[in-house]
Amino acid sequence: MTAARLTVDPRFPIGAVRRRLFGGFVEHLGRHVYDGIYEPGHPEADDQGFRRDVLELVRELGVSTIRYPGGNFVSGFRWEDSVGPREQRPRRLDLAWHSTETNEIGLHEFSDWLDKAGSDLMLAVNLGTRGVLEALDLLEYSNVPGGTTLSQQRIDNGRAEPFGVQVWCLGNEMDGPWQLGHRSADDYGKIASQTAKGMRQLDPSIELVVCGSSGAQMPTFGEWERVVLEHTYDDVDMISCHAYYQEHDGDIDSFLASSVDTDRFIEAVVATADHVGAVRGSAKKIDISFDEWNIWYQTRFHDVDQITGVENWPVAPRLLEDVYSALDAVVFGSLLISLLKHADRVASASLAQLVNVIAPIMTEPGGPSWRQTTFFPFAITSRLAQGDAVRLQVESPLIETEKFGAVPAVDAVATHDAETGASAIFLVHRGRGDAVELQIDVAGLGDVEIVEAHVLHDDDPYARNTLEDPERVQPRTLETRLADGILHVTLPPIAWAALSLRRA
């Protein structure tokens, strides 16, 4: 057994934990909307056709703001298709995912679903095949109370009060050659700036997210951020980051250390944004919207799931339905730790996605819904993390990885709410060999007691929750001992854990 030591001291805060850090993402993709959140005729369907069992799980997950309707989908989307009488809405070909979009669920219906889920709407505008005027029209339709043609159209469509959308994304992954309307950084920066300026003229209260890189591996990464922000620095509030991870060729050690890449990604984008600000002599800080992140086996999509053929445009096909393992959940939990470790600059984040599509929640048509392994770290962290994120002193043995070199076997972050006295510690053990004995110095928190202690681990790291065995992997109670200000915990290999404490 190896040993590690951590020190928790609330005098070293990172930044406030903003609720938007626990956002989600719903895209019109595969069975996410149709057969996922919406399935009329299902035994659990409500009067609008939304599955009540899925809504319960979304509420349990604790998602705050939900980004919609894409994703790649948005770059070919005509928002007008999604409003008005359902029987008059057009069926469109979705080029992003080679599917047919029925537009049965649109802006009004999805907003109703969000009200039931207890989440806020984050809208993306199409800057792939459309531009400034269409974005302004959507903003007017959504946020202007009345007195104009578009706001009256919303009222006539059954929504008297405005949607009041606060956060808007200026397109999606415009650096990606796969994106409809893909542009260079210079061209995208110009249209993003024009769109942002126009939207702020209409509604100065909104917050705007400009597209950053689709991943740190993109050949334009860094330069893309610099050029785009040189055009948009004064116009936007956040720049996006997207990152997905998977195990490659059996390299478990590098996969377990994926959050090292997340840390470097965030820090590089922050440095680039601050450089642009410094050159401009601006005191303004651009924050990060990490509005797509997850475990995603993209090689499986390219090898198995892709749909082709001009005659083949299915409705709600099974796409990107990854089944997650205990190993995936541990890596997933470590990515949440990275987001909290950068709470000073990560103002918003969106787990991609929520139901069926690379999702923590799965459903079967006409059948049950269940929690994937990744559900648990998100739900527990979203519930326990409050107040300020706190930087920890971590003394840990190292493990060697092929991709990242030597990395700490233990990574951790804490949160502390000075007003309520509630604290939480989030831990990951990346090691594959021995258990690790942790001594966590919590004396800086004062006289505390343990409220909850959870660990996610399975002796078979590839164990999964499936339709046939939906509760195979579950968090269990972690044994702890608190004495003289030292919290003693033993973490098994490949494990994620969360501990909740309160002032005694």
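Just above, that's the structure.
Keep in mind that what you see is a predicted model, and the values were worked out from it rather than measured. Every chain is numbered independently, its residues counted from 1 as its sequence is written. With pLDDT at 70 or above as the cut-off, local features in this predicted model cover only qualifying residues; side-chain atom pairs require 80 or more to be listed or tallied, and sums for whole chains, interfaces and linings still use all residues. For side-chain calculations, the full set of non-hydrogen atoms in the structure is used, while hydrogens and water are omitted.

Draft legend 1. Structural view of the overall build of the protein chain. Labels follow the DSSP assignment, with helices taken as runs of H or I lasting at least four residues and strands as runs of E lasting at least two, numbered in each case from the N terminus. The helix and strand inventory of the protein chain stands at 11 helices and 26 strands. For 504 residues, the compact-globule estimate of 2.2 N^0.38 gives 23 Å, and the C-alpha radius of gyration of the protein chain, at 23 Å, lies within 12% of that figure. Projected onto its principal axes, the C-alpha positions of the protein chain cover 70 × 60 × 45 Å. Every one of the 504 residues in the protein chain was classed for burial, and the buried ones make up 61%. We call two residues in contact when some of their heavy atoms are within 4.5 Å. Sequence-distant contacts, at least 24 apart, represent 77% of the contacts inside the protein chain between residues at least 6 apart. All accessibility values rest on the Shrake-Rupley procedure with a 1.4 Å probe; residue burial counts only the protein chains present in the view. Element-wise, carbon and sulfur atoms account for 48% of the exposed surface of the protein chain, whose accessible area totals about 19,000 Å². Values of the radius of gyration come from C-alpha atoms, whereas the globule rule sets the reference at 2.2 Å times the count of residues to the power 0.38. The buried label applies to any residue whose accessible area, calculated with a 1.4 Å probe on protein chains only, is under 20% of its type's maximum; exposed applies above 50%, and partly exposed to all values in between.

Draft legend 2. Representation of the pattern of salt bridges in the model. Any Lys or Arg side-chain nitrogen located within 4 Å of an Asp or Glu carboxyl oxygen qualifies as a salt bridge. In total, this model carries 34 salt bridges according to the counting rule given. Across the salt bridge formed by Arg-200 and Asp-237, the nearest N and O atoms sit 2.7 Å from each other. Taken together, the residues Arg-200 in helix α5 (residues 185–202) and Asp-237 in the loop between α6 (223–232) and β10 (238–245) connect sequence positions 37 residues apart. You can call Arg-200 partly exposed: its relative accessible area is 21%. Residue Asp-237 is classed as partly exposed on the basis of its relative accessible area of 25%. A salt bridge links Glu-321 to Arg-318, with the nearest nitrogen and oxygen atoms 3.2 Å apart. Since its relative accessible area comes to 11%, Glu-321 is described here as buried. Given the relative accessible area of 45%, Arg-318 is considered partly exposed.

Draft legend 3. Local environment of the sheet that holds strand β2 (residues 13–16). Pairs of strands are assigned from DSSP output, requiring at least two bridges between the strands. The seven strands are arranged β2-β15-β19-β20-β26-β22-β23 in an open sheet whose pairing can be described as antiparallel. Each of the sheet's edge strands pairs with one partner strand only, and the pair in question is β2 and β23 (476–477). Across eight bridges, the pairing between strand β22 (residues 448–456) and strand β26 (residues 495–503) is antiparallel. From the neighbouring strand, Glu-449 faces β26, where its bridge partner is Arg-502. Packing against the sheet, helix α10 (residues 326–341) makes contact with β2, β15 (388–390), β19 (410–417), β20 (422–429), β22 and β26, and its axis sits at approximately 50° to β19. Axis definition: a line fitted to C-alpha atoms, over the contacting stretch in the case of helices. Angles run 0 to 180 degrees between N-to-C directions.

Draft legend 4. Highlighting the nonpolar core. With 127 residues, the main nonpolar core has Trp-113, Tyr-188 and Phe-290 as its most contacted residues. Residue contributions to this core peak at 11 residues, all from α10. For Trp-113, the contacting residues outside a window of four places in its chain are Ile-37, Phe-50, Leu-55, Val-58, Ile-66 and Leu-354. We call a set of buried residues a nonpolar core when its members are Ala, Val, Leu, Ile, Met, Phe, Trp, Tyr or Cys and they connect through side-chain atoms within 4.5 Å of each other. Val-436, Leu-445, Leu-487 and Ala-495 belong to the second-largest nonpolar core, a separate cluster that totals 26 residues.

Draft legend 5. Highlighting the packing of helix α3 (residues 132–143) against helix α4 (residues 149–156). Packing of α3 against α4 leaves a shortest axis separation of 7 Å and a crossing angle of 50°. Judged on the interaxial angle alone, α4 and α3 are oblique. Note on packing geometry: the crossing formed by α3 with α4 is right-handed. Facing α3, whose interface residues are Asp-137, Glu-140, Tyr-141 and Ser-142, α4 presents Thr-149, Leu-150, Ser-151, Gln-153 and Arg-154. Here the nonpolar group is Ala, Val, Leu, Ile, Met, Phe, Trp, Tyr, Cys and Pro; Asp, Glu, Lys and Arg are the charged ones; every other residue, Gly included, is treated as polar. Of the residues that constitute the contact of α3 with α4, the class distribution is two nonpolar, four polar and three charged. Roughly parallel means an angle under 35 degrees; roughly antiparallel means over 145; roughly perpendicular covers 65 to 115; every other angle is labelled oblique. Whether a crossing is left-handed or right-handed is set by the direction in which the near helix is turned from the far one by less than a right angle, anticlockwise for left-handed and clockwise for right-handed.

Draft legend 6. Spotlight on the sheet that holds strand β1 (residues 2–7). Strands sit in the order β16-β1-β21-β25-β24 across an open sheet of five strands; the sheet is mixed. Strand pairing shows two members of the sheet lacking a second neighbour, β16 (393–395) and β24 (480–483), which therefore form its edges. Ignoring which end each strand starts from, the neighbouring axes of this sheet average 20° apart. Taken together, the four bridges between β24 and strand β25 (residues 486–491) define a ladder with antiparallel strand orientation. Pairing of Leu-482 across the sheet is with Leu-487, part of β25.

Draft legend 7. The arrangement of helix α8 (residues 258–280) in detail. For a helix, the expected span equals 1.5 Å multiplied by the number of residues minus one. Here α8 is 23 residues long and its end C-alpha atoms lie 34 Å apart, about the 33 Å a rise of 1.5 Å per residue gives. In the segment just after α8, Gly-281 is the residue with positive phi, at about 70°.

Draft legend 8. Structural context of the state of the cysteines. Disulfides are defined as pairs of cysteine sulfur atoms found within 2.5 Å of each other. Throughout the structure, instances matching the rule amount to zero disulfides. Considering cysteine sulfurs only, Cys-211 is the nearest to Cys-169, which forms no disulfide, with 7.6 Å between them. Cys-211 gets classed as buried once you look at its relative accessible area, which sits at 3%.

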